[in-house]
Amino acid sequence: MSFNLHPLINNGLKKGTDSFSGGSLHCHCKSSPVTVSLSSNVAHNHACGCSKCWKPSGAIFSIVGVVPRSSLSVTSNANKLHIVDEKAVIQRHACKDCGVHMFGRIETEHAFYGLDFVHVELSDQKGWQEPQFAAFVSSVIEQGLIAPEQADKVRSQLKGLGLETYDALSPGLMDAIATFVAKKNGALRESKL
Ligand SMILES: N[C@@H](CCC(=O)N[C@@H](CSCO)C(=O)NCC(=O)O)C(=O)O
Ligand SMILES: [Zn+2]
Ligand SMILES: [Zn+2]
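What comes next concerns the included structure. Being a predicted model, the structure only gives us computed values, none of them experimental. (Residues numbered from 1 in each chain as written. Chains lettered and ligands numbered in written order. Predicted model: local features only at pLDDT ≥ 70, side-chain atom pairs only at ≥ 80, totals over all residues. Heavy atoms only, no water.)

### Details of the environment of Ser76
Then step 1. By the secondary structure assignment, Ser76 is in strand 5 (residues 72–76).
Then step 2. Given a relative accessible area of 24%, Ser76 falls into the partly exposed group.
Then step 3. Counting along the chain gives 62 residues from Ser76 to Lys14, while the straight-line C-alpha distance between them is 29 Å.
Then step 4. Residues contacting Ser76, with those up to four places away along its chain left out, are Pro33, Val34 and Thr35. (Helix = DSSP H or I, 4+ residues; strand = E, 2+ residues; numbered from the N terminus. Buried < 20%, exposed > 50% of the residue type's maximum accessible area, 1.4 Å probe, protein only. Contact = heavy atoms within 4.5 Å.)

So this is what it looks like as structure tokens:
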């Protein structure tokens, strides 16, 4: 038995195109969809099992990557967007009608300030960076999406696709967050870098 991880990866990863430089995203509304234009490819694209990232119906993971916020503009029906949770670090702007998250933005002092979180499955274009790893795998248990004893099967399925699995973000991204915190609290002086 295999899990419905996410439609973009269930049948294998489709490699992105290095020269690809962006495209548009649209929500699931049949009429008056919210559209967003991205003028760059995504980076750090990953499968995320956390409870806050938007997942298509039936999938146990989200696929989410980042673009510079300067690369993102809402091109239609911006009036349909609302912020799902104002208190979250990542403020996810979702369509009020279909619930799809169009982008997540950080407005506080944070290692990832300046980056917006987006879901490339909302695009009809091909060439987006393929997922690089799977994050917050154990979080899918919290949401009742799998039983605890199925977690290692989920990890095997992800590894079989070539995705390393973590229960936080990847080490590189966790190091970036820790470095930001260490600089902020004075534990790491600029001169050490
Ligand atoms: N177990 C929790 C983990 C949630 C979590 O920390 N998610 C990360 C990754 S989201 C994109 O990769 C995060 O940075 N969250 C901040 C936010 O969502 O605002 C759970 O599942 O909820
Ligand atoms: Zn919609
Ligand atoms: Zn997430």
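Read on for the rest.
### Points about the pairing of strand 7 (residues 90–95)
Then step 1. A large share of strand 7 lies buried, amounting to six of its six residues.
Then step 2. Neither face of strand 7 is open: one carries Ile90, Arg92 and Ala94, the other Gln91, His93 and Cys95, and all of them are buried.
Then step 3. Here strand 6 (residues 81–83) runs beside strand 7; their pairing, made up of three bridges, is antiparallel. In the sheet register, Leu81 faces strand 7, and the bridge partner there is Cys95. (Pairing = 2+ DSSP bridges.)

### As for the site of ligand 1
Then step 1. Around ligand 1 sit 14 residues, and of these His46, Ser51, Ile90, Arg92 and Ser139 come closest.
Then step 2. Here an oxygen atom of ligand 1 sits 3.1 Å away from a polar atom, N or O, in the main chain of Val89.
Then step 3. Here Ser139 contributes a side-chain N or O atom positioned 2.9 Å from a nitrogen atom of ligand 1.
Then step 4. With the chains in place, 79% of the 540 Å² that ligand 1 exposes on its own is no longer accessible.
Then step 5. Breaking the shell around ligand 1 down by element, the ones donating at least two residues are strand 3 (43–48), strand 7 and helix 1 (139–142).
Then step 6. Of the residues contributing to the shell around ligand 1, the split by class is eight nonpolar, three polar and three charged. (Near = heavy atom within 4 Å. Polar contact = N/O pair within 3.5 Å; in protein donor to acceptor, adjacent residues only side chain to side chain. Areas by Shrake-Rupley, 256 points an atom, 1.4 Å probe, with all protein chains shown as cover. Nonpolar A, V, L, I, M, F, W, Y, C, P; charged D, E, K, R; others polar.)

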